[in-house]
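Residues per chain, in single letters:
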Amino acid sequence: MNAWEYTISDSALEEWQRVVDLVVRIAGVRVGLIMRINEDSIEVFVASKTNGNPYHVGEKEHLGCSGLYCEAVINNQDMLLVSNALQSTVWNNNPDLKYNLVSYLGFPIRLPNGRPFGTICLLDDKENDYSPELIELMEKMRELIESQLDLAEKTRELSRTKAELEAFTFTVAHDIKPPLRAIAGYAEFLKENKNKCLNDEDLGMVTNIQRIAADRIDLVNKLLEYARTAKMQLKVESVDMGSLFIAVYTELAAQYAGRHVAIKLDKDMPLVKGDRVLLREVCANILANAFKFTYFRQEAQITVRFRRTAKAYVFSVQDNGAGFDPQYADKLFGIFERLHTADEFPGHGIGLATVQNIIQKHGGQTWMEGALDQGVTIYFTLPIKQD
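Below is a short write-up of the structure.

Cut-offs applied
Residues numbered from 1 in each chain as written. Predicted model: local features only at pLDDT ≥ 70, side-chain atom pairs only at ≥ 80, totals over all residues. Heavy atoms only, no water. Buried < 20%, exposed > 50% of the residue type's maximum accessible area, 1.4 Å probe, protein only. Helix = DSSP H or I, 4+ residues; strand = E, 2+ residues; numbered from the N terminus. Pairing = 2+ DSSP bridges. Core = buried A, V, L, I, M, F, W, Y, C linked by side-chain atoms within 4.5 Å. Contact = heavy atoms within 4.5 Å. Expected span 1.5 Å × (residues − 1). Salt bridge = Lys/Arg side-chain N within 4 Å of Asp/Glu carboxyl O. Polar contact = N/O pair within 3.5 Å; in protein donor to acceptor, adjacent residues only side chain to side chain. Axes fitted to C-alpha atoms, helices over the stretch in contact; angles between N-to-C directions. Parallel < 35°, antiparallel > 145°, perpendicular 65-115°, else oblique. Left-handed = near helix turned anticlockwise from the far one by under 90°. Nonpolar A, V, L, I, M, F, W, Y, C, P; charged D, E, K, R; others polar.

### Here we look at the pairing of strand β13 (residues 376-383)
Alright, step 1. When you tally the buried positions in β13, you get seven out of eight residues, the bulk of the element.
Alright, step 2. Here seven bridges tie strand β11 (residues 312-319) to β13, and the two strands are oriented antiparallel to one another. Each bridged residue has a counterpart across the sheet, and for Tyr313 the counterpart in β13 is Leu382.
Alright, step 3. Bridging between strand β12 (residues 366-370) and β13 involves five bridges; their strand directions are antiparallel. Across the sheet, the residue bridging to Glu369 is Thr377, located in β13.

The structure is reproduced here in structure tokens:
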């Protein structure tokens, strides 16, 4: 992958801007730049917001005997310090001299694959030997930028792997579902049409086959739902989270008609910006877990709260159910991760993975707290977005 093919996040660019502005102020020089290589040129990627900086983001110079300081850094892949370019004929054709930028300190920036990304550099309109302390600071700034490029590459690889896994899950689930249905159908045929030929043990085996097939079909449906939520494009609208939680709770209470599960919501639950269908899936999975894991509580209680921070709404859903060992908190949002056997509590370990998938698509975070036999609190955030 080449420098011009990298997508740099807005947050990383903002940090790079702060880095360049800070170093320029410390050095007391006229110009600070981060340059990025294109196919046959080099462009200003970040420019210090200093008075007298003649360069602007997006400006380009063709590479190939350009005479630029930065081209020398890129070609040699090493630091370059020029105290006064006017004292050497090497820089006679340097375009930087038309702005009287006679001194230069620059470092190469490399991609994780070792290829050049560009440079980070300082330029000044007076002779400057650049102190050892400043050289060390620039080296640290270069390392910071390269570490962020490395993180961006790892994130891109992770996203690609996740997309491939989701596509594989979708394909496999579709391929498995028809034969499972056929097995369930054959078992039903045996029970209805060959009942007289089967003894009690045989009937028990056929019933078990039906149960296993039904369970596997349910698992496939959950996998398809997980893959579907990962692929869906967000249809953003205003969503009343209080109404969403109540609607889902009412449906679940009807399904568990024989149980008493109370719910308490904070007043004035907020309107958020998000995909109504997917956020309903979040509420459904979290509340379904609360219903399931409070099964052995005579008085089951669910509490839904929220608070507002500067950038996000933080929601919490607390129950008084079976809880879990806190050391496994990070695992429970993984697909197929379970801390209870199917005999204790039914399920496949996909619900919370789906919740995390959806919340991440909205730009939020998920985490949970709990203790054995003391219930669970699941948290998720949704960014506050202005109209």
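### Things to note about the nonpolar core
Alright, step 1. If you look at the biggest cluster of nonpolar residues, it comprises 48 residues, and the most contacted ones within it are Trp16, Leu33, Tyr104 and Leu149.
Alright, step 2. Where this core is concerned, the elements lending two or more residues are α1 (10-27), β1 (31-37), β2 (41-47), α2 (69-76), β4 (80-82), β5 (103-110), β6 (116-124) and α3 (132-193).
Alright, step 3. At six residues, the largest contribution of residues to this core is made by α1.
Alright, step 4. Those residues in contact with Trp16, other than ones at most four positions away along the chain, are Ile8, Ile34, Phe45, Val46, Phe117, Ile145, Gln148 and Leu149.
Alright, step 5. In terms of nonpolar packing, the next biggest core, distinct from the first, is built from 36 residues, Val239, Met269, Ile286 and Ile384 among them.

### Describing the side chain of Thr119
Alright, step 1. Residue position: Thr119 is located in strand β6.
Alright, step 2. On the accessibility criterion, Thr119 (0% relative accessible area) is buried.

### Side note on α1
Alright, step 1. The end-to-end C-alpha distance of α1 is 26 Å, a good match for the 26 Å that 18 residues give at a rise of 1.5 Å each.
Alright, step 2. Every buried residue of α1 is listed here: Ala12, Trp16, Gln17, Val19, Val20, Asp21, Val23 and Val24.
Alright, step 3. In the stretch just after α1, Gly28 is the one whose phi turns positive, near 65°.

### So, the pattern of salt bridges
Alright, step 1. Using the criterion set out here, one finds eight salt bridges in the structure.
Alright, step 2. Between Glu139 and Arg142 there is a salt bridge, with the nearest N and O atoms lying 2.8 Å from each other. Highlighted residues: Glu139 and Arg142, both in helix α3, separated by three residues, approximately one helical turn.
Alright, step 3. Residue Arg142 is classed as buried on the basis of its relative accessible area, which comes to 9%.

### Quick look at the environment of Arg276
Alright, step 1. Relative to the assigned elements, Arg276 resides in helix α6 (residues 276-293).
Alright, step 2. Arg276 gets classed as partly exposed once you look at its relative accessible area, which sits at 35%.
Alright, step 3. On a C-alpha basis, the gap between Arg276 and Asp240 in space is 8.9 Å, while along the polypeptide they are 36 residues apart.
Alright, step 4. Every residue in contact with Arg276, bar those within four places of it in the chain, is listed here: Lys235, Glu237, Ser238, Val239 and Leu244.
Alright, step 5. Within the local environment of Arg276, its side chain forms a polar contact with the side chain of Glu237, the two groups lying 3.4 Å apart.

### Describing the sheet that holds β4
Alright, step 1. The strand order across the open sheet built from six strands is β3-β2-β1-β6-β5-β4, with neighbouring strands paired in antiparallel fashion. Strands with a single pairing partner mark the edges of an open sheet, and in this sheet they are β3 (60-62) and β4. When the angles between neighbouring strand axes are averaged without regard to direction, this sheet yields 20°.
Alright, step 2. The sheet contact formed by β5 and β6 spans eight bridges and is antiparallel.

### Thoughts on the packing of α6 against helix α7 (residues 351-361)
Alright, step 1. Running from N to C, α6 and α7 cross one another at 150°; their axes reach a closest spacing of 9 Å. As judged from the angle between their axes, α6 and α7 are roughly antiparallel. At the point where α6 passes α7, the crossing takes the left-handed sense. Contact residues: Leu278, Leu279, Glu281, Val282, Asn285, Ile286 and Asn289 in α6; Gly351, Leu352, Thr354, Val355, Ile358, Ile359 and Lys361 in α7.
Alright, step 2. In the contact of α6 with α7, the residues fall into eight nonpolar, four polar and two charged.

### As for the side chain of Thr366
Alright, step 1. Mapping Thr366 onto the fold places it in strand β12.
Alright, step 2. A polar side-chain atom of Thr366 sits 3.4 Å from a polar atom in the side chain of Gln356.

### Let's talk about the sheet that holds β12
Alright, step 1. Overall, mixed pairing links the five strands, which are arranged β8-β10-β11-β13-β12 in an open sheet. This sheet does not close on itself; its edge strands, each paired only once, are β8 (261-265) and β12. Ignoring which end each strand starts from, the neighbouring axes of this sheet average 15° apart.
Alright, step 2. One ladder, built from five bridges, connects β8 with strand β10 (residues 300-308); its direction is parallel. The residue of β10 that forms the bridge with Ile263 is Ile302.
Alright, step 3. The strands touched by helix α5 (residues 241-255) are β8, β10, β11 and β13; relative to β8, the strand with the most contacts, the crossing angle is about 175°.
Alright, step 4. Sheet contacts for α6: β8, β10, β11 and β13; angle to β13, the most-contacted strand, approximately 170°.

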